[in-house]
Amino acid sequence: VQLQASGGGLVQAGGSLRLSCACSGRSISQYTMAWFRQAPGKDREFVGAIRRSGSNTYYGDSVKGRFIISRDDAKNTVYLQMNSLRPEDTALYYCAAGSGIIISTIRLWNAYNYWGQGTQVTVSS
């Protein structure tokens, strides 16, 4: 499974971006898909996750109400719509895929088996 994240860039505070994560090698339909982010000097932070078939979504407290995770299994792609961006959202954003993830671990980065290379998001004030 290879994951390729894209869509990052420089945006002003209050703006929006949509990240994409394209998967190759296997269908994402069997995986829980997630986004994490990491800012310099900080730990990797859970952003959001979406269960198989989009049945349930989960968000980190800092992005809840502003970000939306979605998936298109036909395109083998997962998305992260980011609205009302803040300077503190500046980070390298990673997509991840995992199987057999239970609810108690869905926010833990080490529960995921496959990772993309990351796409940089920079929000200016």
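Residues numbered from 1 in each chain as written. Predicted model: local features only at pLDDT ≥ 70, side-chain atom pairs only at ≥ 80, totals over all residues. Heavy atoms only, no water.

**Here we look at the pairing of strand β8 (residues 77-82)**
Of all 6 residues that make up β8, 5 are buried, and the element is covered over most of its length. Bridge count for strand β3 (residues 17-24) against β8 is 6 bridges, and the pairing is antiparallel. Residue pairing for β8: cysteine 21 is matched across the bridge by valine 78. Pairing of strand β7 (residues 67-72) with β8, which is carried by 6 bridges, proceeds in the antiparallel orientation. From the neighbouring strand, phenylalanine 67 faces β8, where its bridge partner is methionine 82. Where β7 hands over to β8, the hairpin turn is made up of 4 residues, of which asparagine 76 adopts a positive phi near 55°. (Buried < 20%, exposed > 50% of the residue type's maximum accessible area, 1.4 Å probe, protein only. Helix = DSSP H or I, 4+ residues; strand = E, 2+ residues; numbered from the N terminus. Pairing = 2+ DSSP bridges.)

**What about the nonpolar core?**
The biggest cluster of nonpolar side chains holds 28 residues, and the ones touching the most others in it are Met33, Trp35, Phe67, Leu80, Met82 and Tyr93. Within the residue set of this core, elements represented by two or more residues are β1 (2-6), β3, β4 (32-38), β5 (45-50), β7, β8, β9 (91-98) and β11 (119-124). Apart from the residues within four sequence positions on either side, leucine 80 is in contact with Leu17, Arg18, Leu19, Trp35, Val47, Phe67, Ile68, Ile69 and Tyr93. Among the nonpolar cores identified, the runner-up in size contains 10 residues, and Ala34, Ala49, Ile101 and Tyr112 belong to it. (Core = buried A, V, L, I, M, F, W, Y, C linked by side-chain atoms within 4.5 Å. Contact = heavy atoms within 4.5 Å.)

**Re the pattern of salt bridges**
Taken as a whole and assessed by the stated rule, the structure comprises 5 salt bridges. Aspartate 89 is paired through a salt bridge with arginine 37; the nearest N and O atoms lie 2.9 Å apart. Taken together, the positions of aspartate 89 in the loop between β8 and β9 and arginine 37 in strand β4 put the pair 52 residues apart, joining distant regions of the chain. In this structure arginine 37 comes out as buried when scored by relative accessible area, which is 4%. Between aspartate 89 and arginine 66 there is a salt bridge, with its nearest N and O atoms 2.8 Å apart. Note that aspartate 89 is positioned in the loop between β8 and β9 and arginine 66 in the loop between β6 (57-59) and β7, a separation of 23 residues in sequence. In this pair, the class of aspartate 89 matches that of arginine 66, namely buried. Each of the salt bridges in this network shares a partner with another, and the network as a whole consists of Arg37, Glu45, Arg66 and Asp89. (Salt bridge = Lys/Arg side-chain N within 4 Å of Asp/Glu carboxyl O.)

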